[in-house]
Amino acid sequence: MFAKLESYPAPLLELVAEAKAAAKAIPPLFPLNANVAVNPFLGQSNEPLAVTSARLARVAGTRITPDRRHWAEKLDVGEITEADILEALSAIEGQFNVPSLGDILTAVRELAEQPQALPTVAELAAEVSGTDWPGLIEDRIGIWAASHFDQGQALWQQARTGGAFSAWREFASRDLTPEIHGLKGFGAFVAGTNRSHWRAIGRSSERLGLSSDAAATAYHRWLSTMGGWAQYARYLLWDAELKGGQDNTVTELLALRMVFDEALYELYEDQIADRWAETVAAHEAPVTPTTDFVIDAVLQEAAERAQQRKLAEQLLPGPARATEGRPQVQAAFCIDVRSEVFRRAFEAQDSGIETLGFAGFFGLASAHMAAGSDVVEQRGPVLLNPGVASCAKEPAGAELTRRYTARAKRAWGRFKLAAVSSFAFVEATGPLYAGKLVRDALGLAGKGKPEPAPQLDPNLALETRIGMAKTVLTAMSLTDNFARIVLLAGHGADVTNNPHESALHCGACGGHAGDVNARLLAGLLNDAQVRLGLRSEGINIPDDTAFLPAMHYTTTDRVSLFEQDLPLGDWANDLKQVKKWLADAGQLARAERAARLPRANAATDIQRRAQDWAETRPEWGLAGCRAFVAAPRNRTDGADLAGQAFLHNYDWRKDDGFGVLELIMTAPVVVVSWISLQYYGSTVAPRLFGGGNKLLHNVVGGIGVLEGNNGAPRPGLPWQSVHDGERLQHDPLRLSVIIEAPCEAMSDILSRHPEVRALFDNGWLHLIAMDENGKLAWRYDGDLSWTPIPDRAPSDHAIAAE
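Here goes a summary of the coordinates provided. (Residues numbered from 1 in each chain as written. Predicted model: local features only at pLDDT ≥ 70, side-chain atom pairs only at ≥ 80, totals over all residues. Heavy atoms only, no water.)

Taken in spatial order, the six strands make up an open sheet running β11-β10-β14-β15-β16-β17, and their pairing is mixed. Strands with a single pairing partner mark the edges of an open sheet, and in this sheet they are β11 (645–649) and β17 (785–788). Averaged over neighbouring strand pairs, the angle between their axes works out to 25° when direction is ignored. Summarising the sheet, strand β10 (residues 627–631) and β11 pair through five bridges and their orientation is parallel. Looking at the pairing, A630 lines up with H648 of β11. This element, helix α28 (residues 743–752), spans β14 (736–739), β15 (766–770), β16 (776–782) and β17 of the sheet and lies at about 150° to β15. (Pairing = 2+ DSSP bridges. Helix = DSSP H or I, 4+ residues; strand = E, 2+ residues; numbered from the N terminus. Axes fitted to C-alpha atoms, helices over the stretch in contact; angles between N-to-C directions. Contact = heavy atoms within 4.5 Å.)

Quick look at the structure:
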């Protein structure tokens, strides 16, 4: 047993604290089966962009703002104006030494210097020895980690007892590769380290001369060299903390990485000691942005204000759609930006159609078990623990058949990949797979048996179910004037041969499709007892109203209906009409999306692309997202937002106590900030936060993808998800959150949620209040203060000629 941390000496405790802080400085990498978008700057939300630029330049050697040529082009075409830059300069006044407008306009025509990370011992050793020590370390850690963290892809796995550091010591003490390359006695050196990873960190820090001041960014630097392995370990910590536990895998990886550098320092100390001492001194210095980093932050802010000005013009009040009396259909879609295109197309079919935007898990964060499975899927935002349990039940015989079929497939798959049988398998059965290859290539393969309707835990009390239904309907601002058909459309992707498929599913559903959540809510709201209870809560759902779950496939803009979930009744005519409207809306949406997709010449190409094994861009996902709007639908009705805005229905006049507003600002807003900032990070810093080239991807351990055959998993989005081969498809802008609600109510919520407030106070998100006329009227300036947004004179939009 290891000693408790409290018994460690004070200097070591200080280093432990810095190691834990460094672990929180890197973002989590969720595994491929639930690959949700992650804010890559999660650990820097308490500091502004310019400071984070300086920090990541030191520890990763990367820029986190676009190349200045990007801004110069926007200035040249008038997208950014001098007025935008002056506003951005005023926003940072008092934080840094503010450059002048002239400094900005000069700098934007110059290339900024590419930052260089402070070197590790391995990099210094490589310079004097000619041996690629950083590459060797990445290779050896990658080989060990791929087996240690494997989630079922590998047939053989190493022992995992004792944690990551213990398992690595066992592996590395017998690994001869470093010694073959010149690191003599490395196996014995590893065997001589303390079994406690904290003490190993302490010993390495002492040998390398690291003070606690230097450790803060030095530890961050070492973790950054491990890429996706460290980020996956950060996910394990995230998941453990969400469940009330603790996990040390990140700091154990830090310890093993430091052991490599400690051993190299022993070997090359005479040649690198002076340069390493300079590096340690640089790590001890405070993280302070240079003038270049401040200028880049100003240009970023100016571009975002320019886009907000454009959005304000798009949202100018216009004639509302004519909707009198009871709607013919109401359709609730996820707030996902891809739904914005389909909602416009669907509303265009008939004036009696109303659409709503709501978080795609439909207020039911569920721990769900699919039919014939014991695996629990987290069907809700990763920020939350599931609030309910659900499962898909079917008759015992059918479930047993499903389980047997799944086991047979797994056994067959292992037989194909086993060390001996795999060779004979290819020669013996290869020709038999010709038919399957043809069917799969042409998209003719069946989709498998459909899932039975999911059911909430039967032990949930009726009062609890009624309360859940009331909460969800209130949050949707749907408490009266119900249509005969209320469509609840979850969404998911329909792609093939794509390891990142779950990243195209619903982010609010934990990287799963939203069909389960939509069906759960429909079942809840179709329950006669629940409806009866809702009447006493002031929500009267007509007897002839049915909630119809559906699935919106964002890749093809096809919507399938779960008609089998409808309550008894004559719905034939209603379904016929809804299906026609959905089919026609899909045609419109596909035509709009086809214009943006490379090599998609017509709407008919969309389905083909989804089935194409070689298609690297079956859809653009959420590329281009730049705004979140929480307001009544009539504020955005008629505005063509080009699939770039998250739209959430919200009417603050019906929100007594602002409970719904608090829910929106602390859950959907945070989820979309993760999405927006992942696209931002994958665009501006693809080497650090991007997923690399899809053409080179190999799945490792079921966790992530390697770019090649070894190394660390690539986090974030592949380059093909943000770039079409000629230009960026995602404009790297931080999200503008626009809410129609009183400023005082929003300030009160921010004061009680410091982590959310930090995102706005430090500029990772913008917050703008919409007034009762639909005008963008107030800007949140941080520190719970607001300033009015003045009307721009036309002359303010002009950029002075060079």
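Let us now look at the nonpolar core. W168 and Y219 are the most contacted members of the largest nonpolar core, which totals 188 residues. Top contributing element to this core by residue count: helix α14 (residues 249–284), with 15 residues. Once residues lying within four places of it in the same chain are set aside, the contact partners of W168 are W144, S173, F186, V190, L256, V259 and F260. Within the second largest apolar cluster, 24 residues are counted, among which are A345, F346, A489 and A550. (Core = buried A, V, L, I, M, F, W, Y, C linked by side-chain atoms within 4.5 Å. Buried < 20%, exposed > 50% of the residue type's maximum accessible area, 1.4 Å probe, protein only.)

What characterises a pair of aromatic rings is the spacing of the ring centres plus the angle enclosed by the ring planes. Taken as a whole and assessed by the stated rule, the structure comprises 22 aromatic pairs. Members of the aromatic cluster, connected to one another through ring pairs, are F30, W144, F149, W229, Y232 and Y235. Above the ring of F189, the side-chain terminus of R203 is found at 5.1 Å from the ring centroid. (Phe/Tyr/Trp six-rings, centres within 6.5 Å; stacked < 30°, edge-to-face > 60°. Lys NZ or Arg CZ within 6 Å of the ring centre and 35° of its normal.)

Bringing the state of the cysteines into the picture now. Counting across every chain of the model gives zero disulfides. The cysteine C391 is free of any disulfide, with C509 supplying the nearest cysteine sulfur at 18 Å. Here C625 stays free of any disulfide, with the sulfur of C334 as its closest cysteine sulfur at 13 Å. (Disulfide = S-S within 2.5 Å.)

Quick look at helix α23 (residues 572–594) now. For α23, with 23 residues, the first-to-last C-alpha span of 33 Å sits near the 33 Å given by 1.5 Å per residue. Here α23 has its buried residues at D574, L575, V578, W581, L582, A585, G586, A589, R590, R593 and A594. (Expected span 1.5 Å × (residues − 1).)

What follows covers the sheet that holds strand β8 (residues 546–553). With respect to topology, five strands assemble into an open sheet ordered β2-β1-β7-β8-β9, the strand pairing being mixed. What marks the edges here is a single partner per strand, and that holds for β2 (353–358) and β9 (558–561). Pairwise comparison of adjacent strand axes, ignoring direction, gives a mean angle of 25° for this sheet. In terms of strand pairing, strand β1 (residues 329–334) meets strand β7 (residues 485–492) through five bridges, oriented parallel. In the sheet register, V329 faces β7, and the bridge partner there is I485.

Let us now look at the pattern of salt bridges. Applying the stated criterion across every chain, the model contains 53 salt bridges. The salt bridge involving D565 is made with R519; its shortest N-O contact spans 2.7 Å. Linking D565 in the loop between β9 and α23 with R519 in helix α21 (residues 515–525), this pair joins segments that are 46 residues apart in sequence. Note on D565: relative accessible area 18%, which makes it buried. Residue R519 is classed as buried on the basis of its relative accessible area, which comes to 5%. (Salt bridge = Lys/Arg side-chain N within 4 Å of Asp/Glu carboxyl O.)

Right, let's talk about the packing of helix α6 (residues 121–129) against helix α7 (residues 133–148) for a bit. Two elements in contact, α6 and α7, have axes separated by 7 Å at closest approach and are oriented at 130°. With respect to α7, the axis of α6 lies oblique. Here A122, E123, A125, A126 and S129 of α6 lie close against α7, whose contacting residues are W133, P134 and I137. For the contact of α6 with α7, the residue count by class is six nonpolar, one polar and one charged. (Parallel < 35°, antiparallel > 145°, perpendicular 65-115°, else oblique. Nonpolar A, V, L, I, M, F, W, Y, C, P; charged D, E, K, R; others polar.)

What follows deals with the pairing of strand β3 (residues 366–369). Where β3 meets strand β4 (residues 376–379), four bridges bridge the pair, whose relative direction is antiparallel. Residue pairing in the sheet places H368 in a bridge with E377 of β4. Hairpin remark: β3 followed by β4, antiparallel, with six residues in the connecting loop; positive phi at G372, about 70°. Strand direction decides the pairing type here: β3 and strand β5 (residues 388–392), joined by four bridges, are parallel. Bridge pairing in β5 places H368 opposite S390.

What follows is about unusual backbone geometry. Look at N481: it is not a glycine, yet its phi comes out positive at around 50°. Mapped onto the fold, N481 is located in the loop between α20 (462–475) and β7. Backbone geometry at D557 places phi at a positive 50°, although glycine is not the residue there. Relative to the elements of secondary structure, D557 occurs in the loop between β8 and β9. Of the residues examined, D557 reaches a relative accessible area of 3% and is grouped as buried.

As a further point, take the side chain of T193. With respect to the helices, strands and loops of the structure, T193 is situated in the loop between α10 (186–191) and α11 (197–207). Of the residues examined, T193 reaches a relative accessible area of 6% and is grouped as buried. In this view, T193 contacts F165, R169, R203 and V259; residues no more than four positions away in its chain are not counted.

Without other data, these values stay purely geometric and don't point to any function.
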